[in-house]
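# Summary of structural features
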Amino acid sequence: MKNFAIKLVWFTSAYVFFFAVLNQTNVDLRIIMSLHIVGMFLIPYLTYTVLTDNYKTDKTFKDWYEDHPMNTLNEDEDH
């Protein structure tokens, strides 16, 4: 995990899962509401961070997947 955005996505996913689990238990409403308020700021912050991340790559859609390489998409369309 090279950048902050990926770590934030993992943290937010775990936070939402934890929040959903707590909603199904008999936890005090003040705790649930405080976690809800934190989540109301966390998810827009996640969205902003991911969309404005300064991530650069030289890969294109023609490179396909790294674990299943293909020559190019254009060659597959010819067959």
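Residues numbered from 1 in each chain as written. Predicted model: local features only at pLDDT ≥ 70, side-chain atom pairs only at ≥ 80, totals over all residues. Heavy atoms only, no water.

The next thing to look at is the confidence of the model for the chain. Residues at a pLDDT of 70 or more form 76% of the chain, whose mean pLDDT is 83. Predicted confidence in the chain is weakest over helix α3 (residues 73–78), with a mean pLDDT of 51, and strongest over helix α2 (residues 29–51), with 94. (pLDDT = per-residue confidence, 0-100. Helix = DSSP H or I, 4+ residues; strand = E, 2+ residues; numbered from the N terminus.)

What follows deals with the pattern of salt bridges. Opposite charge on two side chains allows them to pair when their charged atoms are near. Scanning the model with the defined rule gives 1 salt bridge in all. When the shortest N-O distance is used, the salt bridge between Asp 28 and Arg 30 registers 2.9 Å. According to the relative accessible area criterion, Asp 28 is partly exposed, its value standing at 34%. Since its relative accessible area comes to 67%, Arg 30 is described here as exposed. (Salt bridge = Lys/Arg side-chain N within 4 Å of Asp/Glu carboxyl O. Buried < 20%, exposed > 50% of the residue type's maximum accessible area, 1.4 Å probe, protein only.)

On the surface, Ile 37, Met 40 and Phe 41 cluster together into a nonpolar patch covering about 350 Å² of accessible area. Locating Ile 37 in the fold gives a position in helix α2. (Patch = residues over 30% accessible without salt bridge, like charges linked within 9 Å, V, L, I, M, F, W, Y side chains within 5 Å. Areas by Shrake-Rupley, 256 points an atom, 1.4 Å probe, with all protein chains shown as cover.)

Moving on to the side chain of Thr 12. Mapped onto the elements of the fold, Thr 12 is located in helix α1 (residues 4–23). A distance of 2.8 Å separates a polar side-chain atom of Thr 12 from the backbone oxygen of Leu 8. (Polar contact = N/O pair within 3.5 Å; in protein donor to acceptor, adjacent residues only side chain to side chain.)

Next up on the list: α2. The end-to-end C-alpha separation of α2 is 33 Å, in line with the 33 Å expected for 23 residues at 1.5 Å each. Those residues of α2 lying buried are Ile 32, Leu 35, Gly 39, Leu 42, Leu 46 and Thr 49. As for α2, its buried residues are in contact with α1. (Expected span 1.5 Å × (residues − 1). Contact = heavy atoms within 4.5 Å.)

Another aspect to go through is the nonpolar core. Counting residues in each nonpolar core, the largest one holds 8 residues, listed as Leu 8, Tyr 15, Phe 19, Leu 22, Ile 32, Leu 35, Leu 42 and Leu 46. Apart from the residues within four sequence positions on either side, Leu 8 is in contact with Leu 42, Tyr 45, Leu 46 and Thr 49. (Core = buried A, V, L, I, M, F, W, Y, C linked by side-chain atoms within 4.5 Å.)

The next subject is the packing of α1 against α2. Contact geometry of α1 with α2 gives a least axis separation of 10 Å together with a crossing angle of 155°. Between α1 and α2, the angle falls in the class roughly antiparallel. Where α1 crosses over α2, the two elements pack in a sense that is left-handed. The segment α1 lies against α2, with Phe 4, Ala 5, Leu 8, Val 9, Phe 11, Thr 12, Tyr 15, Val 16, Phe 18, Phe 19, Leu 22 and Asn 23 engaging Ile 32, Leu 35, His 36, Val 38, Gly 39, Leu 42, Ile 43, Tyr 45, Leu 46, Thr 49 and Val 50. Tallied by class, the residues present in the contact of α1 with α2 amount to 18 nonpolar, 5 polar and no charged. (Axes fitted to C-alpha atoms, helices over the stretch in contact; angles between N-to-C directions. Parallel < 35°, antiparallel > 145°, perpendicular 65-115°, else oblique. Left-handed = near helix turned anticlockwise from the far one by under 90°. Nonpolar A, V, L, I, M, F, W, Y, C, P; charged D, E, K, R; others polar.)

On to α1, then. An ideal rise of 1.5 Å per residue puts 28 Å on 20 residues; α1 measures up with 28 Å between its terminal C-alpha atoms. Here α1 has its buried residues at Ala 5, Leu 8, Thr 12, Tyr 15, Phe 19 and Leu 22. For α1, the arc enclosing every buried residue in end-on projection is 105°, short of the 170-degree limit, so these residues lie on one face. α1 presents Trp 10 and Phe 17 as exposed residues on the side facing more than 90 degrees away from its buried surface. (Arc of directions from axis to C-beta.)

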